[in-house]
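# Structural description and commentary
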Amino acid sequence: MDQPLVIAAPDVLAEQQRWLARLTEERRLSPLTAAAYERDLRQFLGFLTRHLGGPPKIADLADLKPLDLRAFLADRRREGAGARTLGRGLAGIRSFLRHLERKGLANAAGAAATRAPRQPKSLPKPLSARDAMRVVDADLQLADEPWIAARNAAVLTLLYGCGLRISEALGLCTADLPRDGETLRITGKGNKTRIVPLLPVARAAIAHYLELCPFVPAPHEPMFRGARGGVLQPAIVQKEMRRLRGALDLPDTATPHALRHSFATHLLAGGGDLRTIQELLGHASLSTTQVYTGVDSKRLIDIYDRAHPRA
């Protein structure tokens, strides 16, 4: 019977066990994440065994160069590993080398200097128009207090109706609301200011919330308040969205940020041009907005596949 391949010398294997114990006991990584890190390190040590002609010792790991790590990543890529898998593998190796560095056994600078493979941009996952309308419907909110239900509806309407980031919506003050006009001036990422339309339905949702809200913030304080009167936190909106997902049977991808994605995707599907959508979203680069063309193309292909007799 063939002997199992020894992937590392005893001193490395002993430190590997100490590292794994630290991940699970001190850093409280989930068992799945710790198992993935262990598997990635095992693959790296196996590569070094072949690369060096024998099981690596601590001395072999003491001063690894970026060239060694790039050779490992190239080997894994030839085996079919994708960018996400390679990125996670490099993260596990870095973690182990930092563990050795803390004990004075290795220098982790080579791993830190090795760039992870560029991750592919994942397509945003918007809600359907029907589901987005259900999410912002004041009558479908789950809060017991009418004013909190109105608050949730107003915040979610701003995300879907204006394409705001959650931080932008929660940072709005009553002084920011237009008196006569129909637009909002939003200060977003990088302190960049943009103008977005404030739809009548959004104005009505905000007005309904302010009418019912038992707290009266100063004009230049955030107008959306928590149950005890403090500034409303994003985690509360995310929690309410999770409750809505369960009640409305929506996918896990239905998050507050997905409403912003839905805003852009539905505008594009309705004939909006990318430059306008870029301005409305506050993207610094058009390339960031162009990801929505992929979403819309995928939607069209899905419709074709379902509907065309020759698909």
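Sequence order as written defines the numbering, with residues in each chain counted from 1. Local features in this predicted model are restricted to residues of pLDDT 70 or higher, and side-chain atom pairs are both shown and tallied only at a pLDDT of 80 or more, whereas totals for entire chains, interfaces and linings draw on every residue. Side-chain measures were taken over the full set of non-hydrogen atoms in the model, leaving aside hydrogen atoms and water.

### What about the overall build of the protein?
The condition that has to hold: Secondary structure follows DSSP: runs of H or I at least 4 residues long count as helices, runs of E at least 2 residues long count as strands, and numbering of each begins at the N terminus. Here's how the labels work: a residue is buried when its accessible area is under 20% of the maximum for its type, exposed when over 50%, partly exposed in between, all with a 1.4 Å probe on protein chains only. Note on areas: Shrake-Rupley with a 1.4 Å probe; residue coverage comes only from the protein chains shown.
Within the protein, the secondary structure is distributed over 15 helices and two strands. Residue burial in the protein is summarised as follows: out of 311 residues, 43% are buried. Total accessible area on the protein is roughly 17,200 Å²; 54% of this is exposed by carbon and sulfur atoms.

### Overview of the nonpolar core
Which entries qualify depends on this criterion: The criterion is simple. A nonpolar core is a set of buried Ala, Val, Leu, Ile, Met, Phe, Trp, Tyr and Cys residues joined through side-chain atoms within 4.5 Å. When checking whether two residues touch, look at their non-hydrogen atoms; a contact exists if any pair is within 4.5 Å.
The biggest cluster of nonpolar side chains holds 48 residues, and the ones touching the most others in it are Val 135, Leu 156, Leu 158, Leu 164, Phe 224 and Leu 259. Among the elements that line this core, the one with the most residues is helix 8 (residues 146–162), at eleven residues. Contact partners of Phe 224, with chain neighbours within four places excluded, come to Arg 151, Ala 154, Val 155, Leu 158, Ala 169, Leu 170, Tyr 209, Gly 230, Val 231 and Leu 232. With 29 residues, the next largest nonpolar core counts Ile 7, Leu 64, Leu 73 and Ala 81 among its residues.

### Things to note about the pairing of strand 1 (residues 183–187)
Formally: Two strands pair if DSSP finds at least two bridges between them.
Side chains Leu 184 and Ile 186 project from strand 1 onto a buried face, and the interleaved Thr 183, Arg 185 and Thr 187 project onto a face without burial. Note that strand 1 and strand 2 (residues 193–197) share five bridges and pair antiparallel. Looking at the pairing, Arg 185 lines up with Ile 195 of strand 2. Connecting strand 1 to the next strand, strand 2, in antiparallel fashion are five residues, including Gly 190 with a positive phi near 65°.

### Some details on the confidence of the model for the protein
Keep in mind that low pLDDT regions are not for reading the predicted coordinates in detail. The cut-off we apply is this: pLDDT is defined as a per-residue confidence score from the predictor, taking values between 0 and 100.
With 88% of its residues at a pLDDT of 70 or more, the protein shows a mean pLDDT of 85. Mean pLDDT per element in the protein: helix 15 (residues 291–307) is the minimum at 58, and helix 8 is the maximum at 95.

### Brief notes about the UniProt feature "active site" (unreviewed entry) in the protein
Cut-off, in case you're wondering: UniProt positions are given in the numbering used here, feature names are shortened, and annotations may be inferred rather than shown by experiment.
Using the residue numbers shown here, the UniProt feature "active site" (unreviewed entry) corresponds to Arg 165, Lys 189, His 257, Arg 260, His 283 and Tyr 292. Here His 257 is to be found in helix 12 (residues 256–269).

### Let's talk about the packing of helix 8 against helix 11 (residues 234–248)
Test applied: Here an angle of 0 to 180 degrees is reported between the N-to-C directions of two axes, which are lines fitted to C-alpha atoms, with helices fitted over the stretch in contact. Here the word oblique covers every angle except those under 35 degrees (roughly parallel), over 145 (roughly antiparallel) and from 65 to 115 (roughly perpendicular). Amino acids are sorted into nonpolar (Ala, Val, Leu, Ile, Met, Phe, Trp, Tyr, Cys and Pro), charged (Asp, Glu, Lys and Arg) and polar (every other residue, Gly among them).
Between helix 8 and helix 11, whose axes approach to 11 Å, the crossing angle comes to 95°. Our classification of the angle between helix 8 and helix 11 gives roughly perpendicular. Contacts from Arg 151, Asn 152, Val 155 and Leu 156 of helix 8 reach helix 11 at Ile 236, Val 237, Glu 240, Met 241 and Leu 244. When the residues that make up the contact of helix 8 with helix 11 are grouped by side-chain class, the tally is six nonpolar, one polar and two charged.

### Some words on the side chain of Arg 194
Definition in use: Polar contact is defined as a pair of N or O atoms within 3.5 Å, subject to the rule that within protein one atom must be able to donate a hydrogen and the other to accept it, and that residues adjacent in sequence are counted only when both atoms are side-chain atoms.
Note that Arg 194 resides in strand 2. Of note is the side chain of Arg 194, whose polar atom sits 2.7 Å from the backbone oxygen of Leu 280.

### Points about the pattern of salt bridges
To be explicit about the condition: Each reported salt bridge corresponds to a side-chain nitrogen of Lys or Arg within 4 Å of a carboxyl oxygen of Asp or Glu.
Tallied over the full model, the rule gives 13 salt bridges. A salt bridge links Arg 88 to Asp 40; its shortest N-O distance comes to 2.8 Å. Of this pair, Arg 88 sits in helix 5 (residues 83–102) while Asp 40 sits in helix 2 (residues 31–52); the two residues are 48 residues apart in sequence, bridging distant segments of the chain.

### What about the environment of Glu 15?
By secondary structure assignment, the location of Glu 15 is in helix 1 (residues 10–25). Residues Glu 15 and Ile 58 lie 43 residues apart in sequence; the distance between their C-alpha atoms is 9.0 Å.

### Examining the packing of aromatic side chains
Here is the rule: The rule is short: rings of Phe, Tyr and Trp, with Trp giving its six-membered ring, pair when the centres are within 6.5 Å, and they are stacked under 30 degrees, edge-to-face over 60, tilted in between.
In total, this model carries seven aromatic pairs according to the counting rule given. Taking the centre distance of 5.7 Å and the plane angle of 75° together, the rings of Trp 147 and Phe 215 count as edge-to-face. With a gap of 68 residues between them, Trp 147 in helix 8 and Phe 215 in the loop between helix 10 (200–212) and helix 11 connect regions that are remote in the sequence. For Phe 215, a relative accessible area of 28% gives the class partly exposed. Among the aromatic residues, those joined into a ring-pair cluster are Trp 147, Tyr 209, Phe 215 and Phe 224.

### Quick look at unusual backbone geometry
Here the phi dihedral of Asp 249 falls at roughly 60°; this positive angle occurs in a residue that is not glycine. With respect to the helices and strands, Asp 249 occurs in the loop between helix 11 and helix 12. Its relative accessible area of 70% is what places Asp 249 among the exposed residues.

### Here's the deal with helix 13 (residues 274–281)
Applicable threshold: Here the arc refers to the directions that run from the helix axis out to each C-beta atom.
Listed as buried for helix 13 are Ile 277, Gln 278, Leu 280 and Leu 281. For helix 13, the angular spread of the buried residues around the axis is 165°, confining them to a single face.

### Description of helix 4 (residues 66–78)
The condition is simple: By this rule, a helix spans an expected 1.5 Å times one less than how many residues it contains.
With 13 residues, helix 4 ought to run about 18 Å at 1.5 Å a step, and its terminal C-alpha atoms sit 18 Å apart, in line with that. Listing the buried residues of helix 4 in full gives Asp 68, Leu 69, Phe 72, Leu 73, Asp 75 and Arg 76. The buried side chains of helix 4 occupy one side of the element, clustering within an arc of 160° when seen end-on. Opposite the buried face of helix 4, at more than 90 degrees from it, the exposed residues are Leu 67 and Arg 78. Considering only its buried residues, helix 4 is in contact with helix 2, helix 5 and helix 6 (109–113). Gly 80 lies just past helix 4 and shows a positive phi near 105°.

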